[in-house]
Amino acid sequence: MSTRAALVAEAATTNAYEELLAQWGDMQAALGFVLHRPREVHDFIPKIHQLDQWLQELVAQDVDATLYLMLQLASTNAVGYSTSHALVCAALCHILGLELGLPRTERDTLVRAAFTMNISITELQDELAERADPINAQQQSAVNRHSARSRALLEQLGVTDALWLDAVASHHSFQQDRAREPLKNLTVRERLVRTLATVDRYAAFISPRKSRTGRSATESMRSLLGHDVSRSDEVGFILVRTIGLCPPGTYVRLDNGDTAIVLRRGESTSFPVVASLMDASGETYSQPGLHHTANGKPRIVNALPGSSVNMGANHHTMVRMGLMACGHL
C-alpha cells in the first residue's frame with residue numbers, strides 16, 4: 001500500500017471510530033429518555049427493540065472498544081447512574097449471550113431485561129448515586145420492591161413476553177442453592193435470571209456513588225465469585241474468561257509504578273494491552289506508553305477503582321492506540 005493510500009485508510013478508520021464514540025453517546029441519551037419517561041414514549045416496545053439492534057450493531061464493530069467505553073462509563077462517573085448501569089448491563093449481557101451460545105430469542109430477552117430491570121426506580125437510582133447521606137426507610141422500601149414494580153410497569157407499557165417479565169421480576173431473587181448448577185441443568189428462565197443477576201451485581205460493584213467509591217474490576221469480580229474462581233460458577237467463569245479480570249477501560253497499577261489503562265484484551269485476557277498514563281510519582285506522561293503485558297514486562301500488579309485516578313483519559317486517543325497496537329491501523 002502506498003503512503004498516500006495508507007494515510008487515507010488511517011483517516012477513514014479514525015473517522016469511523018470518532019463516529020463510534022459519538023454513537024455510544026447518542027444511544028445513552030436515547031436510552032435515558034426511554035427509562036426516565038417511559039409513559040411518554042410512543043411505541044415503547046419497538047423503541048427497546050431499536051435500542052437492542054443499535055447496541056448489537058455497535059458491539060459488532062469492535063467488542064474491545066465496547067468494553068473500554070462501557071467500563072469507563074460505569075467506573076468513573078455517577079451522573080446518570082441508572083442509564084449508564086442499564087447500558088453496561090445490556091452490553092455485557094449481549095457479549096455473554098454470544099459467548100454462551102444462547103439462542104437468539106433468549107439473547108434478545110436477556111438484553112431487553114437488562115435495559116429495563118430497574119425502570120421503576122430510574123430517578124431514585126440517579127438520586128441515590130448523587131447523595132452521600134444514607135438511604136432512608138421510604139427509599140429502601142422502593143428499592144426492595146423495584147423488581148416487582150418494574151415488571152408491573154412493563155406490563156402496563158404492553159410487554160407480554162413472559163421470560164422478559166420474569167427475568168426483570170426475579171433478577172434479585174435467584175435461588176442461591178441453584179447458583180452452582182451447570183447452566184445446561186437450568187430452565188431457560190433460570191438461565192436468563194442467573195446471567196442477568198451476575199451481570200447486574202458486577203456492574204453495580206464497579207460503579208461509584210457519592211456515598212462510596214466504585215470497586216476495582218478485580219475486586220468486583222472477586223466479590224462476585226470469591227477468590228477461587230472455578231468452572232463450578234459457570235456464568236462468572238465465562239464472564240472472567242470473556243472480558244478478563246482487568247477488562248478494557250480498567251485502570252491498573254504496573255510493577256514499574258506506572259498508572260495505566262487497559263486498551264484491549266490480548267490473545268489471553270490475562271495479558272491485555274495497556275497504556276501508561278502516569279509515572280510512579282504521579283506525573284502525567286506527555287505521550288502514553290504502550291505495553292503488551294504478554295511480553296512479560298511491565299506486569300499488572302493490581303486493578304484500580306476509576307475514582308482513584310485523578311485524570312481523564314482521551315477516549316478517542318485510547319481506542320485508536322489500542323487499534324494501532326493490534327495492527328488494525
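Structure shown above.
Residues numbered from 1 in each chain as written. Predicted model: local features only at pLDDT ≥ 70, side-chain atom pairs only at ≥ 80, totals over all residues. Heavy atoms only, no water.

Enquirer: It is not clear to me how the side chain of D64 should be interpreted in this structure. Could you clarify?
Expert: Within the secondary structure, D64 sits in helix 3 (residues 63–75). Beyond its immediate chain neighbours, meaning those up to four positions away, D64 contacts P248, L263, R264 and R265. (Helix = DSSP H or I, 4+ residues; strand = E, 2+ residues; numbered from the N terminus. Contact = heavy atoms within 4.5 Å.)

Enquirer: For this particular structure, what's the right way to read the nonpolar core?
Expert: General note: in soluble globular proteins, nonpolar side chains tend to be found buried as a group. Within the largest apolar cluster, 73 residues are counted, with the highest numbers of intra-cluster contacts made by W24, L55, L87, F115, I261 and M318. For this core, the element with the most residues is helix 4 (residues 81–100), which contributes ten residues. Apart from residues no more than four positions distant in its own chain, L55 is found in contact with W24, M27, L87, A90, A91, H94, V111 and F115. Within the second largest apolar cluster, seven residues are counted, among which are V252, A260, V274 and A303. (Core = buried A, V, L, I, M, F, W, Y, C linked by side-chain atoms within 4.5 Å. Buried < 20%, exposed > 50% of the residue type's maximum accessible area, 1.4 Å probe, protein only.)

Enquirer: What should I look at first to understand the pairing of strand 2 (residues 259–264) in this one?
Expert: One face of the sheet, then the other: side chains in a regular strand alternate in exactly this way. The element strand 2 is extensively covered by neighbouring structure, given that six of its six residues are classed as buried. Pairing of strand 1 (residues 251–254) with strand 2 involves three bridges; the strand directions are antiparallel. Within the sheet, the bridge partner assigned to Y251 lies in strand 2 and is I261. Pairing geometry for strand 2 and strand 3 (residues 273–278), over five bridges, is antiparallel. Paired with A260 across the two strands is S276, which belongs to strand 3. (Pairing = 2+ DSSP bridges.)

Enquirer: Please explain the environment of T105 as it appears in this structure.
Expert: With respect to the secondary-structure elements, T105 resides in helix 5 (residues 104–116). With relative accessibility at 59%, the residue T105 sits in the exposed group.

Enquirer: Please explain the pattern of salt bridges as it appears in this structure.
Expert: Pairs may arise between side chains of opposite charge once their charged atoms sit close together. Enumeration over the complete set of coordinates arrives at 16 salt bridges. With its nearest N and O atoms 3.9 Å apart, the salt bridge here joins D108 to R112. Here R112 and D108 lie together in helix 5, a separation of four residues that amounts to about one turn. By the burial criterion, D108 is buried, and R112 matches it. Here R151 ties to E155 by a salt bridge, and the two come within 3.7 Å at their closest N and O atoms. Here R151 and its partner E155 are both found in helix 8 (residues 146–156), four residues apart, which amounts to about one turn of the helix. Among the residues examined, R151 registers a relative accessible area of 24% and is labelled partly exposed. The class of E155 is partly exposed, set by a relative accessible area of 41%. Several salt bridges converge on common partners, so that one network encompasses D52, R104, R107, D108 and R112. (Salt bridge = Lys/Arg side-chain N within 4 Å of Asp/Glu carboxyl O.)

Enquirer: Help me out: how do you make sense of the sheet that holds strand 5 (residues 300–304) in this one?
Expert: The pairing of strands in a sheet comes from backbone hydrogen bonds and takes either a parallel or an antiparallel form. Read across the open sheet, the five strands follow the order 4-3-2-1-5; overall the sheet is antiparallel. Unpaired on one side and paired on the other, strand 4 (284–292) and strand 5 mark the two borders of the sheet. On average, each strand axis in the sheet is inclined to that of its neighbour by 35 degrees, with strand direction left out of account. Taken together, the five bridges between strand 3 and strand 4 define a ladder with antiparallel strand orientation. Note that in strand 4 the partner of S276 across the bridge is G289. Contacting strand 2, strand 3 and strand 4, helix 13 (residues 315–325) crosses the sheet at an angle of about 65 degrees to strand 2. (Axes fitted to C-alpha atoms, helices over the stretch in contact; angles between N-to-C directions.)

Enquirer: So what exactly am I meant to see when it comes to empty space enclosed by the protein here?
Expert: Rolled over the atoms, a probe with the dimensions of a water molecule shows which regions are left empty. One pass over the full model with this rule turns up two cavities of 30 Å³ or more. The space that makes up the second largest cavity amounts to roughly 40 Å³. Contributing elements (two or more residues each) for the lining of the second largest cavity: helix 4, helix 5 and helix 6 (122–129). Its residues assigned to classes, the lining of the second largest cavity comprises six nonpolar, six polar and no charged. (1 Å grid on protein atoms, 1.4 Å probe; cavity = no way out; pocket = protein on both sides within 12 Å on 5 of 7 lines; lining within 4 Å. Points joined across faces, edges and corners; volume = space filled by probe spheres on them. Nonpolar A, V, L, I, M, F, W, Y, C, P; charged D, E, K, R; others polar.)

Enquirer: Got a minute to help me understand the environment of L163 in this structure?
Expert: Turning to its location among the elements, L163 is positioned in helix 9 (residues 162–170). Its relative accessible area of 27% is what places L163 among the partly exposed residues. Between the C-alpha atoms of L163 and E106, which are 57 residues apart in sequence, the distance is 8.5 Å. When sequence neighbours within four positions are dropped, the list of residues in contact with L163 reads T109, V188, R189 and L192.

Enquirer: Please explain the environment of A204 as it appears in this structure.
Expert: Structurally, A204 can be placed in helix 10 (residues 188–206). Judged by its relative accessible area of 18%, A204 falls in the buried class. Here the alpha-carbon distance between A204 and H85, two residues 119 residues apart in the chain, equals 7.3 Å.

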